[in-house]
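# Survey of secondary and tertiary structure
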Amino acid sequence: MNDFVAGIARLLMWLIAAAAGLVLFASLLLATLVLAAAWGLRAGWARLTGRPVNPWVMRMDPRTGFGTVFRSARWSADAQSARSAPVTPDDAGATASPSRRGGVLPGVQEVTDVEPRQVR
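Values in this document were obtained by computation on a predicted structure and should not be read as measured data. (Residues numbered from 1 in each chain as written. Predicted model: local features only at pLDDT ≥ 70, side-chain atom pairs only at ≥ 80, totals over all residues. Heavy atoms only, no water.)

## Observations concerning the overall build of the protein
Threshold: Strands here are runs of E lasting at least two residues and helices are runs of H or I lasting at least four, both read from the DSSP assignment and numbered beginning at the N terminus. The contact rule is simple, with two residues in contact once any of their heavy atoms fall within 4.5 Å. Residue burial considers only the protein chains on display, and all accessible areas are found by Shrake-Rupley using a 1.4 Å probe.
When you go through the protein residue by residue, the secondary structure sums to 4 helices and 0 strands. When the helices and strands of the protein are placed in sequence order, the string is α-α-α-α. Nonlocal contacts in the protein, meaning residues at least 24 apart in sequence, comprise 7% of its contacts between residues at least 6 apart. Looking at the protein as shown, the accessible area adds up to about 11,100 Å², and 67% of this sits on carbon and sulfur atoms.

## A short note on a nonpolar patch on the surface
In plain terms, the rule: Patch building starts from residues that exceed 30% relative accessible area and form no salt bridge, then joins like charges within 9 Å and nonpolar side chains (Val, Leu, Ile, Met, Phe, Trp, Tyr) within 5 Å. When a carboxyl oxygen of Asp or Glu is within 4 Å of a side-chain nitrogen of Lys or Arg, the pair counts as a salt bridge.
A contiguous nonpolar surface patch, about 480 Å² in accessible area, is contributed by M1, F4, V5 and I8. Here M1 is to be found in the segment before α1 (2-49).

## Remarks on the confidence of the model for the protein
The line we're drawing: pLDDT is a per-residue confidence score from the predictor, ranging from 0 to 100.
For the protein, per-residue confidence averages 78 on the pLDDT scale, and 71% of positions sit at 70 or higher. Averaged pLDDT values for the elements of the protein fall to 50 in helix α4 (residues 89-95) and rise to 95 in α1.

## Section: α1
What counts is decided by this rule: To estimate how far a helix should extend, the number of its residues minus one is multiplied by 1.5 Å.
In a regular helix each residue adds 1.5 Å, so 48 residues correspond to 70 Å; α1 covers 70 Å between its end C-alpha atoms and thus fits that length. Following α1 by one or two positions, G50 adopts a phi angle in the positive range, close to 85°.

The following block contains the structure:
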(Lines give C-alpha, C1' and ligand atoms only; values in the text may rest on other atoms or scores of the structure.)
Protein backbone atom coordinates (compact mmCIF):
# COMPACT_ATOMS: atom_id res chain seq x y z
CA MET A 1 0.00 0.00 0.00
CA ASN A 2 2.90 2.41 0.77
CA ASP A 3 4.39 1.81 -2.69
CA PHE A 4 1.05 2.62 -4.30
CA VAL A 5 0.68 5.91 -2.37
CA ALA A 6 4.32 6.85 -3.06
CA GLY A 7 3.81 6.12 -6.78
CA ILE A 8 0.66 8.25 -6.91
CA ALA A 9 2.43 11.09 -5.06
CA ARG A 10 5.41 10.85 -7.44
CA LEU A 11 3.10 10.92 -10.46
CA LEU A 12 1.18 13.86 -9.03
CA MET A 13 4.38 15.83 -8.38
CA TRP A 14 5.63 15.04 -11.89
CA LEU A 15 2.35 16.26 -13.39
CA ILE A 16 2.49 19.47 -11.34
CA ALA A 17 6.10 20.14 -12.39
CA ALA A 18 5.29 19.41 -16.04
CA ALA A 19 2.26 21.73 -15.91
CA ALA A 20 4.37 24.49 -14.33
CA GLY A 21 6.99 24.06 -17.05
CA LEU A 22 4.35 24.23 -19.76
CA VAL A 23 2.84 27.37 -18.23
CA LEU A 24 6.27 29.01 -18.08
CA PHE A 25 7.02 28.02 -21.68
CA ALA A 26 3.63 29.28 -22.87
CA SER A 27 4.02 32.62 -21.07
CA LEU A 28 7.50 33.20 -22.52
CA LEU A 29 6.25 32.22 -25.97
CA LEU A 30 3.30 34.60 -25.64
CA ALA A 31 5.56 37.46 -24.53
CA THR A 32 7.84 36.81 -27.51
CA LEU A 33 4.90 36.73 -29.89
CA VAL A 34 3.52 40.01 -28.48
CA LEU A 35 6.91 41.70 -28.94
CA ALA A 36 7.23 40.29 -32.47
CA ALA A 37 3.73 41.49 -33.34
CA ALA A 38 4.45 44.96 -31.96
CA TRP A 39 7.69 45.16 -33.93
CA GLY A 40 5.92 43.91 -37.05
CA LEU A 41 3.18 46.52 -36.73
CA ARG A 42 5.78 49.21 -36.17
CA ALA A 43 7.80 48.10 -39.19
CA GLY A 44 4.68 47.85 -41.33
CA TRP A 45 3.56 51.32 -40.34
CA ALA A 46 7.03 52.71 -41.11
CA ARG A 47 7.01 51.15 -44.56
CA LEU A 48 3.46 52.29 -45.20
CA THR A 49 4.33 55.89 -44.36
CA GLY A 50 7.64 55.77 -46.25
CA ARG A 51 9.90 56.11 -43.23
CA PRO A 52 12.96 53.92 -42.64
CA VAL A 53 12.51 50.97 -40.33
CA ASN A 54 14.70 51.66 -37.31
CA PRO A 55 15.65 48.80 -35.02
CA TRP A 56 14.89 48.88 -31.33
CA VAL A 57 18.14 49.80 -29.64
CA MET A 58 19.42 50.11 -26.11
CA ARG A 59 19.88 53.84 -25.57
CA MET A 60 22.43 53.32 -22.80
CA ASP A 61 25.90 52.17 -23.74
CA PRO A 62 26.95 49.56 -21.17
CA ARG A 63 30.59 50.56 -21.61
CA THR A 64 29.97 53.98 -20.09
CA GLY A 65 29.62 52.48 -16.61
CA PHE A 66 33.35 51.83 -16.41
CA GLY A 67 34.17 55.36 -17.54
CA THR A 68 31.78 56.86 -15.01
CA VAL A 69 33.38 54.99 -12.13
CA PHE A 70 36.89 55.64 -13.40
CA ARG A 71 36.27 59.41 -13.65
CA SER A 72 34.60 59.66 -10.25
CA ALA A 73 36.14 61.55 -7.34
CA ARG A 74 37.42 58.37 -5.78
CA TRP A 75 39.78 57.70 -8.69
CA SER A 76 40.77 61.26 -9.54
CA ALA A 77 44.27 62.60 -8.94
CA ASP A 78 43.25 65.16 -6.31
CA ALA A 79 41.50 62.48 -4.26
CA GLN A 80 44.61 60.31 -4.48
CA SER A 81 46.81 63.13 -3.21
CA ALA A 82 44.36 63.93 -0.41
CA ARG A 83 44.37 60.29 0.66
CA SER A 84 48.15 60.00 0.62
CA ALA A 85 48.64 62.87 3.10
CA PRO A 86 48.01 61.91 6.74
CA VAL A 87 45.04 63.68 8.26
CA THR A 88 45.14 64.56 11.94
CA PRO A 89 41.96 65.00 13.97
CA ASP A 90 42.77 68.71 14.54
CA ASP A 91 42.80 69.73 10.89
CA ALA A 92 40.36 67.11 9.58
CA GLY A 93 37.28 69.31 9.88
CA ALA A 94 38.99 72.36 8.42
CA THR A 95 40.16 70.65 5.22
CA ALA A 96 37.19 68.34 4.59
CA SER A 97 34.38 69.57 2.41
CA PRO A 98 31.00 67.82 2.25
CA SER A 99 31.33 66.76 -1.40
CA ARG A 100 34.92 65.45 -1.26
CA ARG A 101 35.78 64.48 2.25
CA GLY A 102 38.71 62.22 1.45
CA GLY A 103 37.54 59.61 3.97
CA VAL A 104 37.19 62.05 6.90
CA LEU A 105 33.80 62.58 8.45
CA PRO A 106 32.74 66.17 9.11
CA GLY A 107 32.49 67.21 12.73
CA VAL A 108 35.29 64.95 13.96
CA GLN A 109 36.36 67.60 16.50
CA GLU A 110 33.08 67.29 18.40
CA VAL A 111 33.64 63.59 19.22
CA THR A 112 34.31 63.38 22.97
CA ASP A 113 33.72 59.73 23.88
CA VAL A 114 36.81 58.38 22.09
CA GLU A 115 40.46 58.81 22.95
CA PRO A 116 42.80 58.68 19.94
CA ARG A 117 45.67 56.20 20.26
CA GLN A 118 48.68 55.33 18.16
CA VAL A 119 48.09 52.58 15.59
CA ARG A 120 50.50 49.67 16.02
